Amino acid sequence: MDFMNTLRIALRALARNKLRSALTMLGIIIGVGAVIATVSIGQGAEYLIQQGIESLGTNAVFIAAGSNRAGARTGFWGVRTLTVEDMEAILREVPLIRSAAPVVFTRAQVVYQNQNWRPRIEGTTPEYFQIRRWGVQAGGIFSEDEVRSAANVCVLGVTVARLLFGNQDPIGQTIRIGEIPFRVVGVLEAKGQSAMGEDQDDRLIAPYTTVQRKIAGITWIHYINASAITKDAAQAAVPQIEALLRERHRIRNPEDDDFFVSTQSDVAEMATQTERVMNLLLGSIASVSLIVGGIGIMNIMLVSVTERTREIGVRMAVGATEADVRRQFLVEAVTMSMAGGVIGIISGLVGSWAIAKFLGWPTLISATAIVIATVVAAGIGILFGIYPAWKAAQLDPIEALRYE
Amino acid sequence: MSIEAKSEHVTNTASGGNAELIRLENVHKIYQLGEVQVHALRGVSLQIGRGEFVAVMGASGSGKSTLMNILGCLDRPTRGSYFLDGTDVSQLSKVELARIRNQKIGFVFQQFNLLPRTSALENVELPTIYAGVSPAERHSRALAALERVGLADRAHHFPSQLSGGQQQRVAIARALVNRPSILLADEPTGNLDSRTSVEIMDILQHLNEEEGLTVVLVTHEHDIAQYAKRVLEFRDGRIRKDYQVSDRWVAREVLPTLPVLDELDAVELGAQDATAPGPVSPSEVW
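Below or above, wherever it landed, is the structure these notes cover.

Rules behind the numbers
Residues numbered from 1 in each chain as written. Chains lettered and ligands numbered in written order. Predicted model: local features only at pLDDT ≥ 70, side-chain atom pairs only at ≥ 80, totals over all residues. Helix = DSSP H or I, 4+ residues; strand = E, 2+ residues; numbered from the N terminus. Buried ≥ 20, exposed ≤ 12 C-beta atoms within 10 Å, placed from the backbone. Pairing = 2+ DSSP bridges. Contact = placed C-beta atoms within 7 Å. Axes fitted to C-alpha atoms, helices over the stretch in contact; angles between N-to-C directions. Nonpolar A, V, L, I, M, F, W, Y, C, P; charged D, E, K, R; others polar. Core = buried A, V, L, I, M, F, W, Y, C linked by C-beta atoms within 7 Å. Left-handed = near helix turned anticlockwise from the far one by under 90°.

**Considerations on unusual backbone geometry**
Peptide bonds are mostly trans, and most non-glycine residues show a negative phi.
Then, number 1: For Arg-133 of chain A, which is not glycine, the phi dihedral falls at a positive 50°.
Then, number 2: Tracing the sequence through the fold places Arg-133 of chain A in the loop between helix H4 (127-131) and strand E7 (136-139).
Then, number 3: Unlike most non-glycine residues, Asn-113 of chain B shows phi in positive territory, near 55°.
Then, number 4: Mapped onto the fold, Asn-113 of chain B is located in the loop between strand E6 (105-108) and helix H4 (120-130).
Then, number 5: Since 22 C-beta atoms lie within 10 Å of it, Asn-113 of chain B is described here as buried.

Structure (structure tokens):
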């Protein structure tokens with residue numbers, strides 16, 4: 001008996017019990033749909049993280065002030081020992097590092113006419129824009145000279161510009177940070193949310209000298225954004241920077257470090273790792289539903305074999321072999337699981353579209369996930385269809401014909 | 001023992017058949033039911049020629065159903081041989097037996113055994129599917145078979161829309177569709193009223209007389225056996241009597257003498273079948 005016939009018989013048998021077939025498929029539909037939606041959310045998050053990392057540059061090295069010392073753990077930003085001199089020493093003595101920018105940050109009230117806002121205020125040097133590959137959409141950035149002279153100039157993130165100026169052009173306008181007037185020289189390109197969900201455009205960038213002396217009132221810096229000559233150089237530079245800073249800060253035991261050095265790939269790996277674990281967790285919950293769906297199919301197929309004992313007897317009497325009967329029931333089970341799989345894929349796609357649309361989470365449809373879901377659905381049909389099909393084929397035609 | 005010897009003698013002189021189609025040689029069938037051995041057939045030898053019309057009679061437990069199962073290749077003898085159309089089928093594998101059933105044997109059952117929610121045409125097509133016949137030919141063969149039983153106009157009806165007699169005619173068409181050598185009918189009239197029974201016998205007689213089809217029929221009713229050419233009586237797993245029917249009835253001649261069921265009754269009968277596809281016990285019908 002050829003395959004098309006078997007398929008037709010299977011479809012007819014399923015159509016005979018539409019509600020039952022639909023309910024049986026539901027388990028697979030939910031399972032496959034959940035897997036597809038989960039994977040697309042996971043992939044979306046991963047994509048976002050990758051994007052963030054690329055925007056920072058894969059050569060990036062991050063040197064942050066902070067202590068992890070037992071008894072006095074202050075975490076990031078808690079120590080006052082990292083300085084611009086440290087950065088200059090790194091640039092001088094670690095040739096793998098091509099450029100670096102110091103960053104001090106704080107928050108302060110920013111006022112323009114009757115509008116005000118409290119953005120993150122960062123003090124840095126012009127290298128910052130280059131290392132972070134962040135250009136301006138209007139105006140320009142401040143100069144080395146303005147850093148040296150601690151000039152009152154600033155570049156606005158688009159969120160800040162929008163909140164303070166609305167549709168007005170901010171370039172050349174004067175705003176106040178606290179009591180101090182600042183001239184706006186540029187507006188940054190929009191960057192959107194970071195992988196961690198914060199608005200990267202909600203910031204104001206000024207020369208670090210100005211922020212240190214006039215706003216924050218400190219002499220140290222919070223971190224250094226550095227860029228190595230290559231991606232590999234970034235990894236190689238880490239121990240060299242650590243050694244140099246320990247020497248400068250007179251630290252003998254690495255446990256007493258008052259700084260953290262990491263590369264972009266470290267950060268990326270950690271973020272991706274977290275993402276993967278989450279995905280795996282969600283994926284395995286979804287797979288449980290697939291297994292439950294498979295058991296549902298097996299259950300219904302067993303019922304179906306019992307109900308159709310006479311039919312099986314008739315088919316055998318008119319010439320169906322055991323293999324024909326086995327194939328028929330197997331194809332029925334696989335048809336059910338595959339149909340469930342296809343509907344599941346569609347609902348998964350619709351679901352992830354809805355999530356992207358209404359929750360604003362990024363989703364990324366993965367062709368691999370669709371292929372895997374299809375294969376898994378077929379596999380479940382076969383796996384859970386084998387036993388009922390075997391049972392059907394084992395029936396004795398004489399008994400089956402006599403079955404009431 | 002003497003009876004058995006006599007019956008064998010009679011068997012060999014069976015008339016009405018020219019070439020031998022079926023030969024059983026000392027066939028035994030023993031069922032193992034838990035601890036108990038049931039000796040269903042105790043050495044049956046028998047020949048049936050092409051074109052014969054044989055009625056197998058006997059009380060329940062006499063072994064006639066076992067004989068039918070073996071003749072129909074649904075079961076294999078425990079001992080002895082069974083030659084069908086010259087081949088010894090008693091030692092064939094299950095797959096080979098399925099092939100024989102498909103090609104050489106047409107079954108008609110007491111319960112009709114049509115697939116529910118499947119049109120008459122598709123029911124008749126069923127054996128051709130397993131024969132690997134192309135869809136176009138399947139269709140034309142099934143239609144031709146339905147025509148032979150006078151139901152071409154009901155091809156697209158479902159069994160639930162047909163009366164009992166019509167359902168049995170569809171079943172006969174299904175049995176004929178692969179052009180078998182032999183038609184095995186197991187109590188084909190057991191679920192039908194007397195007039196419809198005779199109508200079915202008319203079809204079987206017609207197929208036997210006009211088309212030379214070999215028919216073996218199991219029944220426990222003498223009235224039905226009277227339409228056959230030859231009768232085998234079974235008791236305790238052995239053939240007790242094997243004789244030619246002397247005063248054979250012709251269904252075509254009997255039919256005009258029977259009262260016609262009025263329309264209403266026929267509809268009722270059909271409706272009963274539709275709601276309860278299970279068997280209607282003979283006592284209810286008679």
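**Some remarks on the pairing of strand E9 (residues 230-235) of chain B**
Residues and elements named next belong to chain B.
Then, number 1: Where strand E3 (residues 53-58) and E9 come together, five bridges link them in parallel fashion. In the strand pairing of E9, Ala-55 is matched with Val-231.
Then, number 2: Hairpin connection between E9 and strand E10 (residues 238-244): a loop of two residues separates the two successive antiparallel strands, and Asp-236 in this loop has a positive phi of roughly 50°.

**Structural notes on the environment of Leu-164 of chain A**
Residue and element names in this part refer to chain A.
Then, number 1: Inspection of the secondary structure puts Leu-164 in helix H6 (residues 158-165).
Then, number 2: Sequence-wise, Leu-164 and Gln-115 are 49 residues apart; in three dimensions their C-alpha atoms are separated by 5.4 Å.
Then, number 3: Once residues within four sequence positions are removed from consideration, Leu-164 is found in contact with Val-110, Tyr-112, Gln-115, Trp-117, Pro-170 and Ile-175.

**Notes on the sheet that holds E10 of chain B**
All names here are of chain B.
Then, number 1: Judged by pairing direction, the sheet is mixed, and its six strands sit side by side in the order E6-E7-E8-E3-E9-E10 without closing on themselves. Each end of this open sheet is capped by a strand with a single partner; those strands are E6 and E10. Strand-to-strand, the axes of this sheet are offset by a mean angle of 20°, without reference to chain direction.
Then, number 2: Sheet strands touched by helix H2 (residues 64-71): E3, strand E7 (182-186), strand E8 (214-218) and E9. Its angle to E8, the strand with the most contacts, is close to 150°.
Then, number 3: Against the sheet, helix H7 (residues 194-211) contacts E3, E7 and E8, and its axis sits at roughly 150° relative to E8.

**Let's talk about the sheet that holds strand E2 (residues 36-49) of chain B**
Residue and element names in this part refer to chain B.
Then, number 1: Strand order across the open sheet formed by four strands is E2-E1-E4-E5, with antiparallel pairing between neighbours. Looking at the sheet topology across the chains shown, the edges are occupied by E2 and strand E5 (87-88).
Then, number 2: Bridge analysis of strand E1 (residues 20-33) against E2 gives eleven bridges, and the strand direction is antiparallel. Bridging from a neighbouring strand, Ile-30 pairs with His-39 of E2.

**Remarks on the environment of Leu-383 of chain A**
Then, number 1: For Leu-383 of chain A, the location among the structural elements is in helix H12 (residues 367-394).
Then, number 2: In this structure, the C-alpha to C-alpha distance between Leu-383 of chain A and Gly-294 of chain A, residues 89 residues apart in sequence, is 8.0 Å.

**Observations concerning the interface of chain A and chain B**
Then, number 1: At the junction of the two partners, chain A supplies 18 residues and chain B supplies 21 residues.
Then, number 2: Those elements that provide at least two residues to the side of chain A that touches chain B are helix H1 (3-16), helix H10 (309-317), helix H11 (322-359) and helix H13 (397-402) of chain A.
Then, number 3: Taken together, the residues that form the side of chain A that touches chain B break down as nine nonpolar, three polar and six charged.

**Overview of the nonpolar core**
Most often, soluble globular proteins keep nonpolar side chains buried together rather than apart.
Then, number 1: In terms of nonpolar packing, the biggest core is built from 127 residues, with Val-56 and Ala-173 of chain B touching the most fellow members.
Then, number 2: Among the elements that take part in this core, helix H2 (residues 18-56) of chain A stands out by supplying 14 residues, more than any other.
Then, number 3: Sequence-distant contacts of Val-56 of chain B, defined by excluding residues within four places in its chain, comprise Lys-64, Leu-67, Val-216, Leu-217, Val-218, Leu-232 and Phe-234 of chain B.
Then, number 4: Counting 56 residues, the second-largest nonpolar core is a separate cluster that includes Val-79, Ala-101, Val-160 and Phe-182 of chain A.

**Focus on the packing of helix H9 (residues 264-307) of chain A against H11 of chain A**
All names here are of chain A.
Then, number 1: At their nearest, the axes of H9 and H11 sit 11 Å apart, and the two run at 145° to each other. Crossing hand, H9 versus H11: right-handed. Of the residues in H11, those touching H9 at Gly-293, Ile-297, Met-301 and Val-305 are Phe-329, Glu-332, Ala-333, Met-336, Ser-337 and Gly-340.
Then, number 2: Grouping the constituent residues of the contact of H9 with H11 by class yields six nonpolar, three polar and one charged.

**Things to note about the pairing of strand E12 (residues 223-228) of chain A**
Residues and elements named next belong to chain A.
Then, number 1: Judged by how many residues are buried, E12 sits mostly within the fold: six of six residues are covered.
Then, number 2: Of the two faces of E12, the one carrying Tyr-223, Asn-225 and Ser-227 and the one carrying Ile-224, Ala-226 and Ala-228 are both buried.
Then, number 3: Sheet topology note: the strand E1 (residues 60-67)/E12 ladder contains five bridges and is antiparallel. The residue bridging Ala-60 from the neighbouring strand is Ser-227, located in E12.
Then, number 4: Where strand E3 (residues 97-107) meets E12, six bridges bridge the pair, whose relative direction is antiparallel. Within the sheet, the bridge partner assigned to Pro-102 lies in E12 and is Ile-224.

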